[in-house]
Amino acid sequence: MKKIEAIIRKTKFEDVKEALLAADIEWFSYYDVRGEGKMRQERIYRGVMYSTSSIERVLMNIVVRDKNVEKTVAAIEKAAKTGEIGDGRIFIIPVEDTIRIRTGERGDIALYNAEQEK
């Protein structure tokens, strides 16, 4: 199992969500986050200078079976890419174990219902 963390543009979240659902990745969590990048900008609004180097992003956490890692990453990459600086990052992290609290199931089976497996 792997945990995929993707930091994406806030404006691309709906596209990425739809791409993941189309790839049969139905469970993920997400958070609004802010981050710093290489770009350093300041803008003037009504005579006051504001720093715009702090960027709003969405952090997505997805835990998938090993067999679903590549299709998950491909869906995120395709949907989140604009070709501009600041498209984001994807991190792939090993997951040692998963436990479904309700049933006590462990491992891959805890991620998905067995009756859905084909």
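Everything that follows concerns the structure shown earlier in this document.
Analysis parameters
Residue indices follow the written sequence of each chain, beginning from 1 at its first position. Owing to the predicted nature of the model, reporting of local features is limited to residues with pLDDT of at least 70; listing and counting of side-chain atom pairs is limited to 80 or more, with chain, interface and lining totals taken over all residues. Just so you know, side-chain values use all the structure's heavy atoms and leave hydrogens and water out. The helix count covers DSSP runs of H or I at least four residues long, the strand count covers runs of E at least two residues long, and both are numbered beginning at the N terminus. Summary of the burial criterion: residues with accessible area below 20% of their type's maximum are buried, those above 50% are exposed, and those between are partly exposed, where the area comes from a 1.4 Å probe applied to protein chains only. Think of a polar contact as two N or O atoms within 3.5 Å of one another; within protein, one of them needs to be a possible hydrogen donor and the other a possible acceptor, and neighboring residues in sequence only count if both atoms come from side chains. In this description, strands pair whenever DSSP reports at least two bridges between them. With axes taken as lines fitted to C-alpha atoms, and helix axes fitted only over the stretch in contact, angles between N-to-C directions fall between 0 and 180 degrees. Throughout, a contact is declared for two residues whenever any of their heavy atoms are within 4.5 Å.

Q: Pulling in residues and values, what's your account of the side chain of Lys-12?
A: For Lys-12, the location among the structural elements is in the loop between strand 1 (2–9) and helix 1 (13–22). Note on Lys-12: relative accessible area 16%, which makes it buried. There is a polar contact of 3.4 Å between the side chain of Lys-12 and the backbone oxygen of Ala-79.

Q: Residues and numbers for the sheet that holds strand 1, please.
A: The four strands are arranged 2-5-1-6 in an open sheet whose pairing can be described as antiparallel. At either margin of the open sheet sits one strand with a lone partner, and together these are strand 2 (29–36) and strand 6 (88–94). Averaged over all adjacent pairs, the angle separating strand axes in this sheet is 25°, with direction ignored. In the packing of helix 1 onto the sheet, contacts are made with strand 1, strand 2 and strand 5 (54–64), and the angle to strand 5 comes to roughly 10°. Strands strand 1, strand 5 and strand 6 of the sheet are contacted by helix 2 (residues 69–80), whose axis makes an angle of about 0° with strand 1.

Q: Give a detailed account of the side chain of Asn-68, specifying residues and quantitative values.
A: Inspection of the secondary structure assignment puts Asn-68 in the loop between strand 5 and helix 2. If we ignore the near neighbours within four places in the chain, the residues touching Asn-68 are Ile-25 and Tyr-112.

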